[in-house]
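Examination of the molecular architecture
Each chain is listed here by its residues.
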Amino acid sequence: MFISRLIIQYVNDQTYLQICEVIRLEQIDAWGKRTDKLILSTAWPQMKEIAAEEGMIACGYERKFDEWSWLFQISKFYLFEPSGGLFGCPLAMTNGAAKTLEVLKDKHSWVYDKAFSRMISRDPNTFWTSGQWMTEKQGGSDVARGTETIAVPQSDGSYKLYGYKWFSSSTDADISLTLARIVAKSGSVIEGTKGLSLFYLEVRDENGIMNNIQMLKLKNKLGTKQLPTAELLIDGARAFKISEDGRGVASMANMLTMTRIHTAMGAASSMRRMVNLARDYSTRRKAFGKILHQHPLHVNTLAFMEIETRAATILVLEIARLLGRQEVLGKGKELEDEAEVLRLIVPLAKLYVSKQAVSVVSEGLECFGGQGYIEDTDLPRMLRDTQVNAIWEGTTNILSLDVLRAITKSSGTVLKCFHEDVTRRIQAGRSNAELQEALTAVHQSVNNVLGFASKLSPGLVEMVARDFAFSLARIYMGALLLEHACHTDATQMDIVTAKRWCEKDLAPLCTQGGHKNFTQKSMEQNLALVFDGYLH
Ligand code: UCC
Ligand code: FAD
């Protein structure tokens, strides 16, 4: 029922191309009045209705399935996403905002009472979505130095915000969480991360009048065309502080965690959609007198895509399972260790699956030959939309640095928990002769990578961060696939998937150069190489 609704919705709106054509911003009406009216696809508000009725956000918070509720929700999004016309983007931010408000509920009960209940509403008339405004012109990665928006305290306890938000994806959202610096009586602000606080604001009042926010421009983007991403001038918007002073970034971390999970899940689901389409095409298209699937080379290509997709999917679903356990099962050593692992694998999933998806979706286009490049097929749109996952919610490098942050903050216990977790998961494979080689590969890779990291000089850690993170991601996916292949319900293809994944190079960081490639000298060479003949 759920999927068929989406498909009908999709067909009613005819094609994505039409969706893209209709989106525009009408800033001023015929009589000169500023309206900042977004003219979106007709499907867009209907997607909001469907999202509410389906309880896309609600199902995570109603906890109907106890610790399995997040797994249920993320699985539902996995199905929703490829047909959801990118409405998954505002929903991701709504999920993140709901999580943030839920955590802060005791300290900011009225905001929680007002906004949380609307974000988890199943009634389209009361359902609210949220934006997430972090990026300013000066920096989307380096938010601490890049944020110039200020918050002027008002006598009633509220604040007026002034600033310029450079990217706002969910511009039609009802509310937003955003960062700003509080202006002291002296007129000064605190620079850096310690000066940032988190604010809640409503984008429009009950009459639809903008909260002193102007939409200056819709971004002209490579993809995500139907998503209204705008530049916003905030000129005295009424807002409410929902974090301790100077704890804005830390308080927003709950939102980032959730939206990064959504990003990884969305990327995995785009891989699944592409693989399914390419597989189907391979049963219809003929070349050299045979149907495509009769060509072993073509099927080998599809098999690579299938394995990448399975690995990405199992990682995302495991994250959702662990998240549910954290929320519902309370405390204990096992859960504390799981929390450490979860902190690590969320950025790993976001950074790795986003990259995998670009590769798999791109390969998928090629599986359609020339048709894969033709807009009318809607296939190029999929590649464009996939590309963004590596950028928004933190780029690959920034997420790699977040992996380092997680390790540093825990004084290394994260890696210990990671090692134990991987070791435990692959144990089951010991009794399965078919999986021995795979098991050894995971076992050796995790030891090699963690051994490598422990010997790295501090000055080189940042340079290695991305390769290190990629290796950890591949190892963890290998452990999950192996564990899955040992399950009593596992199929022969689950075993094949685990073997193929684990028997490729899980830790190129160590095998392809390793310490040799990451030295002070190679760091200097990198600079010389990149700027060879460019800087004099
Ligand atoms: O792109 C965006 C939305 C697009 C739409 C998304 C839709 C997705 C759905 C798709 C479905 C298809 S919104 C913008 C996203 N922007 C980012 O992700 C920012 C990227 N930059 C970073 O992540 C940076 O690393 C920053 C901003 C976090 C760095 O900030 P700081 O202030 O320089 O970092 P600090 O000083 O290291 O961290 C400040 C505090 C620390 O807490 P305390 O003080 O307790 O030690 C950190 O531990 O924040 C904490 N913290 C975290 N905690 C920082 N990052 C995290 C984290 N990831 N988890 C927990
Ligand atoms: P920069 O920070 O300038 O990064 C440029 C390059 O430098 C990147 O490759 C980066 O990896 C690299 N780099 C930066 N710092 C380091 C470092 N320390 N070490 C190594 N490499 C580094 N933001 C919002 O707040 N809300 C939104 O709703 C939103 N929607 C978006 C929608 C779209 C379609 C897009 C494309 C972006 C959106 N963003 C949004 C902004 C997005 O989150 C940022 O663009 C992103 O976080 C990167 O920031 P930046 O553009 O300033 O890049």
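Residues numbered from 1 in each chain as written. Chains lettered and ligands numbered in written order. Predicted model: local features only at pLDDT ≥ 70, side-chain atom pairs only at ≥ 80, totals over all residues. Heavy atoms only, no water.

Quick look at helix H7 (residues 109-119)
- Looking at H7, one finds that the buried residues are Val111, Tyr112, Ala115, Phe116 and Met119. The arc that holds every buried residue of H7, seen down its axis, measures 105°, which confines them to one face.
- Buried residues along H7 sit against helix H4 (58-61), helix H6 (88-103), strand E3 (130-133), strand E6 (175-182) and strand E7 (196-202). (Buried < 20%, exposed > 50% of the residue type's maximum accessible area, 1.4 Å probe, protein only. Helix = DSSP H or I, 4+ residues; strand = E, 2+ residues; numbered from the N terminus. Arc of directions from axis to C-beta. Contact = heavy atoms within 4.5 Å.)

Focus on the confidence of the model for the protein
- Summary statistics for the protein give a mean pLDDT of 93 and a share of 95% for residues scoring 70 or more.
- Of the two predicted TM-score estimates for the complex, the pTM is 0.96 and the ipTM is 0.99. (pLDDT = per-residue confidence, 0-100.)

Notes on the nonpolar core
- By size, the foremost hydrophobic cluster in this structure holds 149 residues, and its most contacted members are Phe418, Phe468 and Leu472.
- Excluding residues within four positions of it along the chain, Leu472 makes contact with Leu344, Leu348, Val403, Leu415, Phe418, Val449 and Leu450. (Core = buried A, V, L, I, M, F, W, Y, C linked by side-chain atoms within 4.5 Å.)

Overview of helix H13 (residues 396-409)
- Along its 14 residues, H13 runs 20 Å from first to last C-alpha, staying within 8% of the 20 Å computed at 1.5 Å per residue.
- Among the residues of H13, those classed as buried are Thr396, Leu399, Ser400, Asp402, Val403, Leu404, Ala406 and Ile407.
- Where H13 is buried, its residues touch helix H9 (248-281), helix H11 (333-367), helix H14 (413-427) and helix H16 (461-485).
- In the segment just after H13, Ser411 is the residue with positive phi, at about 50°. (Expected span 1.5 Å × (residues − 1).)

Things to note about the environment of Ala264
- Among the structural elements, Ala264 can be located in helix H9.
- Residue classification places Ala264 among the buried positions, given a relative accessible area of 1%.
- Between the C-alpha atom of Ala264 and that of Cys417, which follows or precedes it by 153 residues, the distance is 22 Å.

Digging into the packing of aromatic side chains
- In this structure the tally under the stated criterion is 16 aromatic pairs.
- Taking 6.5 Å as the distance between ring centres and 85° as the angle between the ring planes, the aromatic pair formed by Trp166 and Phe167 counts as edge-to-face.
- Classification of Trp166 by relative accessible area gives partly exposed; the value is 26%.
- Phe167 gets classed as partly exposed once you look at its relative accessible area, which sits at 39%.
- Through pairs of rings, three or more aromatic residues link up here, namely Tyr61, Trp70, Tyr112 and Phe116.
- In this arrangement the basic side chain of Lys137 is found over the ring face of Tyr164, its NZ or CZ atom lying 5.0 Å from the centre.
- When the ring centre of Phe167 is taken as origin, the NZ or CZ atom of Lys219, which lies over that ring, is 4.4 Å away. (Phe/Tyr/Trp six-rings, centres within 6.5 Å; stacked < 30°, edge-to-face > 60°. Lys NZ or Arg CZ within 6 Å of the ring centre and 35° of its normal.)

Re the side chain of Ser251
- Within the element layout of this structure, Ser251 appears in helix H9.
- When residues no more than four places from it in sequence are discounted, the contact partners of Ser251 are Thr100, Leu198 and Ser243.

Describing the packing of helix H5 (residues 69-80) against helix H10 (residues 296-328)
- The interhelical angle for the contact between H5 and H10, taken along N-to-C directions, is 145°, at an axis separation of 7 Å. Across the interface between the two elements, Trp70, Leu71, Ile74, Ser75 and Tyr78 from H5 touch Thr309, Thr313, Val316, Leu317, Ala320, Arg321, Leu323, Gly324 and Glu327 from H10. (Axes fitted to C-alpha atoms, helices over the stretch in contact; angles between N-to-C directions.)

Side note on the pairing of E6
- Counting buried positions along E6 yields 8 of 8 residues, so the element is predominantly enclosed.
- Bridging between strand E4 (residues 150-153) and E6 involves 2 bridges; their strand directions are parallel. Considered in E6, the bridge of Ala151 is made with Ile182. (Pairing = 2+ DSSP bridges.)

Some points on the site of ligand 2
- In the vicinity of ligand 2, 22 residues are found, and the nearest of them are Gln132, Thr135, Gly140, Ser141 and Thr395.
- A distance of 2.7 Å separates a nitrogen atom of ligand 2 from a polar atom in the backbone of Gln132.
- Protein chains shield 65% of the accessible area of ligand 2, which is 980 Å² for the free molecule.
- Sorting the residues of the shell around ligand 2 by element identifies E3, strand E5 (159-168) and H13 as the ones contributing at least two each.
- Top contributing element to the shell around ligand 2 by residue count: H13, with 3 residues.
- Partitioned by chemical class, the residues of the shell around ligand 2 number 8 nonpolar, 12 polar and 2 charged. (Near = heavy atom within 4 Å. Polar contact = N/O pair within 3.5 Å; in protein donor to acceptor, adjacent residues only side chain to side chain. Areas by Shrake-Rupley, 256 points an atom, 1.4 Å probe, with all protein chains shown as cover. Nonpolar A, V, L, I, M, F, W, Y, C, P; charged D, E, K, R; others polar.)

Looking at unusual backbone geometry
- Even without glycine at this site, Arg63 takes up a positive phi of about 55°.
- Unlike most non-glycine residues, Phe288 shows phi in positive territory, near 50°.
- For Phe288, the location among the structural elements is in the loop between strand E10 (286-287) and strand E11 (290-291).

Digging into the pairing of strand E1 (residues 24-28)
- Here E1 runs beside strand E2 (residues 34-39); their pairing, made up of 4 bridges, is antiparallel. Opposite Leu25, over in E2, you have Leu38 as the bridge partner.
- A loop of 5 residues connects E1 with E2, the two strands running antiparallel in sequence, and Gly32 in this loop sits at a positive phi of about 85°.

Comments concerning the site of ligand 1
- Neighbouring ligand 1 are 27 residues; Thr193, Arg247, Arg260, Arg405 and Lys409 lie closest to it.
- Contact distances for ligand 1 include 3.0 Å between an oxygen atom and a backbone N or O atom of Glu393.
- Here an oxygen atom of ligand 1 and a side-chain polar atom of Arg405 are 2.9 Å apart.
- Among the elements of the structure, H6, helix H8 (143-146), H9 and H13 are those that each provide at least two residues to the shell around ligand 1.
- Sort the elements by how many residues they give to the shell around ligand 1 and H9 lands first, with 7 residues.
- Of the residues assigned to the shell around ligand 1, the class counts are 11 nonpolar, 8 polar and 8 charged.

Points about the environment of Lys105
- Turning to its location among the elements, Lys105 is positioned in the loop between H6 and H7.
- The spacing of Lys105 and Ile242 is 137 residues in sequence and 9.4 Å in space, taken between C-alpha atoms.

Some words on the pattern of salt bridges
- Counting across every chain of the model gives 36 salt bridges.
- Arg63 is paired through a salt bridge with Glu102; the nearest N and O atoms lie 3.3 Å apart. One end of the pair, Arg63, is in the loop between H4 and H5; the other, Glu102, is in helix H6, with 39 residues separating them in the sequence.
- Since its relative accessible area comes to 16%, Glu102 is described here as buried. (Salt bridge = Lys/Arg side-chain N within 4 Å of Asp/Glu carboxyl O.)

Section: a nonpolar patch on the surface
- On the surface, a cluster of nonpolar side chains totalling about 690 Å² of accessible area is made up of Leu527, Leu529, Val530, Phe531, Tyr534 and Leu535.
- Considering the arrangement of structural elements, one finds Val530 in helix H19 (residues 520-530). (Patch = residues over 30% accessible without salt bridge, like charges linked within 9 Å, V, L, I, M, F, W, Y side chains within 5 Å.)

Looking at the packing of H11 against helix H12 (residues 379-387)
- Between H11 and H12, the least distance of the axes is 9 Å, while the angle of their chain directions is 170°. Considering the angle they form, H11 stands roughly antiparallel to H12. Mapping the contact onto sequence places Ala357, Val358, Val361, Ser362 and Leu365 in H11 and Leu379, Pro380, Met382, Leu383, Thr386 and Gln387 in H12. (Parallel < 35°, antiparallel > 145°, perpendicular 65-115°, else oblique.)

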